[in-house]
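Spelled out, the chains give:
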Amino acid sequence: MIKRYSYKLEAGRLGVGLITLIAMSAGCNHAMAQNEADQPPPVPAAPTAAETRPPYADAKPMPKIVRTETTPGTDGLTKGTSYLEADKVTNSEDDVITATGSVELRQNGRTIRADKVTSNSATGVTTAEGHTQTLNEDGSVQFSDRITYDDNMQSGYSENFASIGRDNSKVFARRLEQVSPDINRLTNVIYTPCALCVKNGETQNPTWSIEASKITQRKDKKMVFYNNAVVKIKGVPVLYTPYLWTPDPELDRASGFLPPKISADEKRGFSYEQPYLWSISPYQYLIISPQLNASVNPLLNLDYQRRFYSGTLHLRGGFTNEAFFDNDGDRHGASATREYLLADGAFKINDNWRWNFTAQHVKDESGSTKGDYANFFERYNIDGAFDQVGDLSVDSRQLINQFNMTRQASNAYFAVTMANFQSLQVGGYLDNGTNLQPYATSSDFFPVIAPQIEAYWSPKSRILGGQLTLSANAIGIYHKRLGNVAGLRAIDIGAPEASDEMTGYDTNRVSAGLNWTGDMTSRNGIKWGPFVDMRHDYYKVSDLDTTGTSYEVSRDLATAGLNISYPMYRKFKSFTAIIEPVAQLAVSPDAQVSPYLPTEDSQSFEFDETTLFSFNKSPGFDIYEAGARMSLGLRGELRFNSGLKVDGLIGRVLRDEVESQFLKTVKVTGQTYTYDPSGLGSQNSDWIATGGFRIPKGFNGYTRLRFDGETGKMSQGEYGLTAIRKNTTATLRYIVNNRLTQTQIRSNYGVNALGDPLTSSTADQIALRTALASTGKLKTFGDNYRNIQLYGRHFFTSHWGVSARLDRDMVLDTWRKSTVSLIYRDDCSWFELVYQQNNSALTTRNNKPSSSIFFRLNLTTLGTSPSNFNDVR
């Protein structure tokens, strides 16, 4: 048996210098080479897969223990205490301690191993030599032939240094020096995150690497400096710079230049945007990002963020002085100041209270009374402008200014919201058909909400076996002006019938309500629960016309009903079946309709599986579902032992009378016709059908359908199929809607918003008007929209693959924004050749789709891979 010697050394004793050198070598792993050398060291022979893995890479994380002078860490040592173990330890008369034979020295979570360690207490020099290894708590490991450290000079060096990080990144250097406690220097350095492979006995060049003749880490200046930096791909130099500096990577954040954005197109010509990060403090920063363009004036972008103890403030903005330019790069009109602001903040006051806001605006004046320009963000390629932030969501191409304060407890909710909107939806073109100067729909057409107040409270205990909820709601809505916009009348979007359709009417409403819902289960498994809902509304509607006419309306609303279902469960040999008939009976008084009441907050809603069993299917307060109705449905689910799961639902609503509140009207040649766009207003509603399946091997699909209650025709539908396999990720979706909108119905019959025939009516439109006059049946079915979308990526080999994002408009027979690409990947890089085509109205040139080809390169640790494909369901 071989005898081993071990020593526990208190702070200030043997090993202080060597442990200091351990910290030096570990710290240099953070200052990884990001540039190259004139004469770099040779690439070492590739180790085996096991050797390239850091010793702790697969280790499970240990419980977090804070090491102090009295509390030991996971290795049993307190702060400053070291442990030495070796086959032999000698102490000479001149105070030279020598440890030989598998020496291991541990302190503060770090371990150094070597064949021999010598420490001279008189000179303060400690040396470790022979297969030295340094293992750190984070799993990284360093190697060298020899390490020397001078305690008196607080300096040291390491020869033939190599490091493998926890992420398997590698650093090789001929020499590592600690010149002083604040300065570390590496000579002849190579850095690569890629695997080193051996072929025919020779180590192959990594996919990419960065080399430098010298790297200096200045902790006092919080910077890292590089000399003669070279980026290589497969050993071929592609970028060289003689001198470079970056913030010290040991810092969480520091000021410095960020990667530039480079592009070229017909609009702005060659464009170069260089962001600079100014780290103002640990909790705030400012990114200054001037966009320099060859064909138009520069745009200055600013991005400021500050963290507070309670939340985060984020401000984005930019401005320029330039004329409007179209997609061909041609200027129109005079130069003017154009700017944008995108600001938001979210703050938590305490456990119950929070508040947030957004402030969004674009100034892009056209000088035309039709409206301001609509495509500022597209002209300057500004990303994320329409991202949803804040509590209120808006339609596409709208900006919102909003303030919200909320209190939420386990049994109570209170919120105050104020908002107004800016529209960037395209209302038309200023250039009479060339589609080069889009203007936005007037924002005056959209309301100001000031304020909306919501409050709900429920007792913590059940009452009569059910849940009681008391509610209060108030809102003030103000319009600057109305008028016909995009072929719609003001009444079509919720204005009171008594309004003159031009004056901006105002609405103030106060509501108070009570809801009680029971939930019981009988002995034989039937689930049932009665419910009662009562509400009182008070409206004051003003400025109905130019004389300022106002009117007050009060109404009392109520619904009583019963929910009942009977889930049945049966287990068979290879599968389990669940069938659940569901029914809801609801009874309400007749609708209290007034020409002075708006319907603005109840215009847009979907009748689908999510609203089938709602007693009031209106999404807002202005419309309250009336009459007696019964919602019927059947749910089913099959669970197979193989893991296959299939589910579905079918249902509809039956009424005693037609629900006219859900119907729409359209005028054709002086005659008014009604139709049911939601499929919910008739006595027998549309049929709702959903289905889905999931296979353990990575396939799942779904369908959501609605069929006309009278003819059985499909009103609308959505089909989706997703595959997630080892080398394939794909989602295919088909969306169809055969219910025509008001605008499409009028277009089919060749009439304007008032129902008068257009002088440019075609023969088909005249024929449809003639048929309508004789039959009285309005044509409401047709091609509203049909889209097919594909999101997919497939790798044919471990390295080569293709991806696609395709969107086809089947009605217009055209591709929308579509992207296809050829991909090469390996363990540390992603190369992608991309072709992109965009046929949206804001990007076309001469009424033809714009297209581009570009190359995308992402290197591990220097960029993120463009590989995020999600199920779009």
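For the structure itself, consult the block above.
Residues numbered from 1 in each chain as written. Predicted model: local features only at pLDDT ≥ 70, side-chain atom pairs only at ≥ 80, totals over all residues. Heavy atoms only, no water.

Engineer: Looking at this model, I keep getting lost on empty space enclosed by the protein. Mind explaining?
Structural biologist: Gaps left between atoms show up when a probe the size of a water molecule is rolled over them. In total, this model carries five cavities of 30 Å³ or more according to the counting rule given. Considering only enclosed or pocket space, the largest cavity measures out at about 90 Å³ in volume. Taken together, 13 residues form the lining of the largest cavity, with Leu 557, Asp 590, Ala 591, Gln 592 and Tyr 624 sitting closest to its centre. Here the element with the most residues in the lining of the largest cavity is strand β34 (residues 551–565); it accounts for four residues. Tallied by class, residues from the lining of the largest cavity come to six nonpolar, three polar and four charged. Surrounding the second largest cavity, Gln 360, Ala 385, Phe 386, Asp 387, Gln 388, Val 389, Val 394, Gln 398 and Ile 400 form its lining. Of the residues belonging to the lining of the second largest cavity, the class tally is five nonpolar, three polar and one charged. (1 Å grid on protein atoms, 1.4 Å probe; cavity = no way out; pocket = protein on both sides within 12 Å on 5 of 7 lines; lining within 4 Å. Points joined across faces, edges and corners; volume = space filled by probe spheres on them. Helix = DSSP H or I, 4+ residues; strand = E, 2+ residues; numbered from the N terminus. Nonpolar A, V, L, I, M, F, W, Y, C, P; charged D, E, K, R; others polar.)

Engineer: What is the right way to read helix α4 (residues 742–749) from this model?
Structural biologist: For an α-helix, the turn length of 3.6 residues means that residues three or four places apart are oriented alike. Among all positions of α4, only Gln 742, Ile 745, Arg 746 and Tyr 749 are buried. For α4, the angular spread of buried residues about the axis comes to 95°, placing them on one side. Next to the buried residues of α4 lie β39 (664–668), β40 (671–675) and α5 (763–775). In the segment just after α4, Gly 750 is the residue with positive phi, at about 65°. (Buried < 20%, exposed > 50% of the residue type's maximum accessible area, 1.4 Å probe, protein only. Arc of directions from axis to C-beta. Contact = heavy atoms within 4.5 Å.)

Engineer: Would you take a moment to explain the environment of Glu 454 for this structure?
Structural biologist: Within the fold, Glu 454 resides in strand β29 (residues 448–457). In sequence terms Glu 454 and Thr 406 are 48 residues apart; their C-alpha atoms lie 9.3 Å from each other. With residues up to four places along the chain from it excluded, the contact list for Glu 454 reads Tyr 413, Phe 414, Ala 415, Ala 472 and Asn 473.

Engineer: Is there a simple way to think about the packing of aromatic side chains in this case?
Structural biologist: Centre-to-centre distance and the angle between the planes together describe a pair of aromatic rings. This model, assessed by the stated rule, comprises 23 aromatic pairs. Pairing Trp 355 with Phe 357 gives two aromatic rings, centres 6.2 Å apart and planes at 20°, and the pair type is stacked. Residue Trp 355 is classed as partly exposed on the basis of its relative accessible area of 26%. The class for Phe 357 is buried, based on a relative accessible area of 19%. An angle of 45° between the planes, with centres 6.0 Å apart, marks the rings of Tyr 824 and Phe 831 as tilted. For the residue pair Tyr 824 and Phe 831, the accessibility class agrees, reading buried in each case. (Phe/Tyr/Trp six-rings, centres within 6.5 Å; stacked < 30°, edge-to-face > 60°.)

Engineer: For this particular structure, what's the right way to read unusual backbone geometry?
Structural biologist: For the bond from Ala 450 to Pro 451, the omega torsion is -10°, close enough to zero to count as cis. Within the secondary structure layout, Pro 451 lies in strand β29. Even without being a glycine, Asp 543 presents a positive backbone phi close to 55°. Relative to the assigned elements, Asp 543 resides in the loop between β33 (527–542) and β34. Note on Asp 543: relative accessible area 30%, which makes it partly exposed. With a phi close to 50°, Thr 669 is a non-glycine residue in the positive phi region. Of note, Thr 669 is situated in the loop between β39 and β40. Its relative accessible area of 45% is what places Thr 669 among the partly exposed residues.

Engineer: Before we go on, may I ask you to explain the side chain of Thr 132 in this structure?
Structural biologist: Position of Thr 132 among the secondary structure elements: in strand β6 (residues 125–135). Judged by its relative accessible area of 2%, Thr 132 is buried. At 2.6 Å, the side chain of Thr 132 forms a polar contact with the side chain of Ser 144. In contact with Thr 132, not counting residues within four places along its chain, are Arg 113, Ala 114, Gln 142, Phe 143, Ser 144, Asp 145 and Ile 147. (Polar contact = N/O pair within 3.5 Å; in protein donor to acceptor, adjacent residues only side chain to side chain.)

Engineer: Is there a simple way to explain a nonpolar patch on the surface in this structure?
Structural biologist: A surface patch of nonpolar side chains, amounting to about 970 Å² of accessible area, comprises Phe 796, Trp 800, Val 802, Val 820, Leu 822, Leu 833, Tyr 835, Ile 853, Phe 855 and Leu 857. Elements represented by at least two residues in the nonpolar patch include exactly β46 (800–809), β48 (818–826), β49 (829–838) and β50 (850–859). By residue number, the principal contributor to the nonpolar patch is β50, which donates three residues. The topology assignment puts Leu 822 in strand β48. Residue classification places Leu 822 among the partly exposed positions, given a relative accessible area of 41%. (Patch = residues over 30% accessible without salt bridge, like charges linked within 9 Å, V, L, I, M, F, W, Y side chains within 5 Å. Areas by Shrake-Rupley, 256 points an atom, 1.4 Å probe, with all protein chains shown as cover. Salt bridge = Lys/Arg side-chain N within 4 Å of Asp/Glu carboxyl O.)

Engineer: Help me understand α5, please; the structure alone is not making it clear to me.
Structural biologist: For α5, which comprises 13 residues, the first-to-last C-alpha distance of 18 Å matches the rise-based estimate of 18 Å (1.5 Å per residue) to within 8%. Against the buried residues of α5 lie β39, β40 and α4. Phi turns positive one or two residues past the end of α5, at Gly 776, with a value near 75°. (Expected span 1.5 Å × (residues − 1).)

Engineer: Would you mind going over the state of the cysteines with me for this structure?
Structural biologist: When the sulfur atoms of two cysteines share a covalent bond, that bond is a disulfide. The tally for this structure, following the rule as stated, stands at one disulfide. Two residues share a disulfide in this structure: Cys 194 and Cys 828, whose sulfurs sit 1.7 Å from each other. Across the S-S bond of Cys 194 and Cys 828 the torsion is about 90°, and the bridge reads as right-handed. With Cys 194 in the loop between β10 (183–192) and β11 (198–199) and Cys 828 in the loop between β48 and β49, this pair connects stretches of sequence that are 634 residues apart. Residue classification places Cys 828 among the buried residues on the basis of a relative accessible area of 0%. (Disulfide = S-S within 2.5 Å.)

Engineer: Even after reading the chapter, I still don't get the packing of α4 against α5, so can you show me in this structure?
Structural biologist: Two numbers describe a pair of packed helices, the interaxial angle and the distance between the axes. Where α4 meets α5, the axes come as close as 7 Å, and the angle between the chain directions of the two elements is 100°. Here α4 lies roughly perpendicular to α5, going by the angle between them. Here α4 contributes Ser 747, Asn 748 and Tyr 749 to the contact with α5, which in turn contributes Gln 765, Leu 768, Arg 769 and Leu 772. The residue inventory of the contact of α4 with α5, partitioned by class, reads three nonpolar, three polar and one charged. (Axes fitted to C-alpha atoms, helices over the stretch in contact; angles between N-to-C directions. Parallel < 35°, antiparallel > 145°, perpendicular 65-115°, else oblique.)

Engineer: Explain the nonpolar core to me, please; I cannot follow it from the model alone.
Structural biologist: Proteins that are soluble and globular tend to have nonpolar side chains buried together. Judged by nonpolar contacts, the single largest core of 17 residues is most densely connected at Phe 161, Val 171, Ala 173, Leu 186, Val 189, Trp 208 and Ile 215. Broken down by secondary-structure element, the contributors of at least two residues to this core are β9 (170–180), β10, β13 (208–218) and β14 (223–233). Take this core: its biggest share by element is four residues, from β13. Counting residues in hydrophobic clusters, the runner-up holds 14 residues, among them Ala 419, Phe 421, Ile 477 and Ala 495. (Core = buried A, V, L, I, M, F, W, Y, C linked by side-chain atoms within 4.5 Å.)

Engineer: Looking at this structure, I do not really get the side chain of Arg 379. What am I missing?
Structural biologist: Take Arg 379: it is sitting in helix α3 (residues 376–379). Its relative accessible area of 1% is what places Arg 379 among the buried residues. Discounting residues that sit within four places of it in the chain, Arg 379 has contacts with Lys 267, Arg 268, Phe 324, Phe 325, Arg 338, Asp 364 and Tyr 373.

Engineer: Please clarify how the pattern of salt bridges should be interpreted in this entry.
Structural biologist: Between side chains of opposite charge, a pair can form as their charged atoms come close. The full count for this structure, using the stated rule, is 27 salt bridges. We note a salt bridge from Asp 364 to Arg 379, for which the minimum N-O separation is 2.9 Å. Of this pair, Asp 364 sits in the loop between β24 (353–363) and α3 while Arg 379 sits in helix α3, placing them 15 residues apart in sequence. Asp 364 sits in the buried class, given a relative accessible area of 1%. Here Arg 704 and Glu 609 are joined by a salt bridge, their closest N and O atoms 3.1 Å apart. Here Glu 609 lies in the loop between β36 (575–588) and β37 (627–640) and Arg 704 lies in strand β42 (residues 699–707), a separation of 95 residues in the sequence. What makes Arg 704 partly exposed here is its relative accessible area of 30%.

So far we have only geometry, and geometry alone does not tell us how the molecule works.
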